[in-house]
Amino acid sequence: MDTQRSLFFCLCLLVAQSVSAETPTTLLNLMKRLEKPVGRALSSRGSHRNIHHLEQMLLNASFCGHNLTLQTNSIQSLVFKLDCDFSGLSLSSTTLANVSQARAPHAMQFPAELTKDACVTSRPAELRLICIYFFTAQQFQDDSNSSLLNNYVLGAQLDHRPVNNLQKPINISFWHNQSLEGHTVTCVFWKEGASEHGWGSWSPEGCYTELPSPSLVLCRCNHLTYFAVLMLSGDPVPAGLQMPLEYISLVGCSVSIVASLLTMLLYAHSRKQSDSVTRIHVNLHGSVLLLNVTFLLSSQMALPTVPKAVCTALAAALHYALLSCLTWMAIEGCNLYLLLGRVYNVYIHRYLLKLCVLGWGFPALLVLLLLAIKSSVYGPCVISFSNSQDNGTGFQNVSMCWVSSPIVHSVLVMGYGGLTSLFNLVVLAWALWILCRLRMREKALSPWAYRDTAMVLGLTVLLGTTWALAFFSFSVFLLPQLFLFTVFNSLYGFFLFLWFCSHRCYSDAEAKAEMEAVSSSQMTH
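Since we're looking at a predicted model, the values are computed, not measured. (Residues numbered from 1 in each chain as written. Predicted model: local features only at pLDDT ≥ 70, side-chain atom pairs only at ≥ 80, totals over all residues. Heavy atoms only, no water.)

**A few points about the packing of helix α4 (residues 276-298) against helix α6 (residues 351-374)**
(1) Moving on: Closest axis-to-axis distance for the α4/α6 pair is 11 Å, and the angle between their directions is 15°. Taken as axis vectors, α4 and α6 run roughly parallel relative to one another. In this structure, the crossing between α4 and α6 has a hand that is right-handed. Mapping the contact onto sequence places Ser276, Arg279, Ile280, Asn283, Gly286 and Ser287 in α4 and Tyr351, Leu352, Leu355, Cys356 and Trp360 in α6.
(2) Moving on: Residue composition of the contact of α4 with α6, grouped by class: 6 nonpolar, 4 polar and 1 charged. (Axes fitted to C-alpha atoms, helices over the stretch in contact; angles between N-to-C directions. Helix = DSSP H or I, 4+ residues; strand = E, 2+ residues; numbered from the N terminus. Parallel < 35°, antiparallel > 145°, perpendicular 65-115°, else oblique. Left-handed = near helix turned anticlockwise from the far one by under 90°. Contact = heavy atoms within 4.5 Å. Nonpolar A, V, L, I, M, F, W, Y, C, P; charged D, E, K, R; others polar.)

Okay, structure coming up:
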């Protein structure tokens, strides 16, 4: 009987050893399958299934000891057995076995609080902590083809339960030997289901970024998932300027909204409301009003609690308002050219209708095409502010509903605005040249020349040149440009209101002078 028990025990031991030896082999085969390059569409559909399959297999893997380490060319998997007496865990690529030292180092530090929620209701005999490190970002491609530091994606999961809102954050360290000049680095996590074409997108929620040294990026996050460092083009803005810039924007846009509404009402009661020039001004004020309203709303709707469709719609509306405003600026410049360059016989059939189709219809066509082709170009956009500290530089992120595609932003924001500003600057230079010729013909400036100068400066400068400040957001020009751009363009509607008041006062004074001249001539006759 004892012999039979011994044979049975040996048989069970052999079976257990065969299972333990087979499971790592299956895991390695799956990890190698994840490494194979596939098309973007196949990668989006299959990556999440394979990664979730790998997670489940790691959580259910059988192995001897307290940890298991598996390594392929570009993926590393680790499994740890924990209990409710967990006191914390620090992992570093420099101390882990079977890790290639040719790669840039990385590390993860887990607080003792990690297992707290899992042990509140019950005390499980064993908890599994798995870590999966990807040294290539092909499995995590978002719609914007975001650039990641070292192309590293480091992930972790505790058993089959989510871990969120930790009081003590998880520290993820990314060492590198790259120059970050001209880039803003932001710690992000992979948010599943946040993309229409892929299986997720990168989000900065719950993560704080620090730069303890030029070669280290430290991420402090309050949850478990897959983490990376997003590299954004552009110099970081000091965090101390966040509140002043937001306050200036809020006050300036609010004042401009009131000024635009008041100006449109005054235009409605103007004696020249049927004049095409007046109607062009009214349409410009309408676009400025729409731009200010959508801008104020966009910064308030980029919240996790707001549905993504709402943020997408608001971002598209803000882009449309900006394109409309820029188009009406160009129309003002073109109309100014017609007024000064073609004084006589200027008639275009249904001129105002054609201008409205251009000013309102063309931007709408562009935005609708973008929404039809790829609506994910609109959504939450991250703005990073740097915060200098004793232990390095940290980053805090602010989100707004805006254009999230770098290509669309470059072409249909910066490019569109650049062409508008360049056109208005050319018109301004040409108009000033015309006025200089007029001054050279006359020995002294007449009141008409003064009026024309005020008109050119009041229309063309305010309708074009201040937006050109957007192209000076680099190096030593960054901080002055931010304040000048924010002040001038948030108060843009108010400046137009001042121009309208001065122009109306001058017109009333001129009409009064003409009436007095007619009355005096009648009295002499």
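**Considerations on the state of the cysteines**
(1) Moving on: Enumeration over the complete set of coordinates arrives at 4 disulfides.
(2) Moving on: The disulfide partner of Cys187 is Cys219, and the gap between their sulfur atoms is 1.9 Å. With the S-S dihedral at roughly -80°, the linkage between Cys187 and Cys219 falls on the left-handed side. Taken together, the residues Cys187 in strand β8 (residues 183-192) and Cys219 in strand β11 (residues 216-221) connect sequence positions 32 residues apart. Accessibility classification places Cys187 together with Cys219 in one group, the buried group.
(3) Moving on: Residue pairing for Cys207: its cysteine sulfur links by disulfide to Cys221, the two sulfurs lying 2.2 Å apart. Because the torsion about its S-S bond is 115°, the bridge between Cys207 and Cys221 counts as right-handed. With Cys207 in strand β10 (residues 207-213) and Cys221 in strand β11, the pair connects residues that are 14 residues apart, well separated along the chain. (Disulfide = S-S within 2.5 Å. Buried < 20%, exposed > 50% of the residue type's maximum accessible area, 1.4 Å probe, protein only.)

**Here we look at helix α9 (residues 478-490)**
(1) Moving on: Compared with an ideal rise of 1.5 Å per residue, which puts 13 residues at 18 Å, α9 spans 17 Å between its outermost C-alpha atoms and is within 8% of the ideal.
(2) Moving on: Here α9 has its buried residues at Leu478, Gln481, Leu482, Thr486, Asn489 and Ser490. Looking straight down α9, one finds its buried side chains confined to an arc of 120°; they lie on one side. (Expected span 1.5 Å × (residues − 1). Arc of directions from axis to C-beta.)

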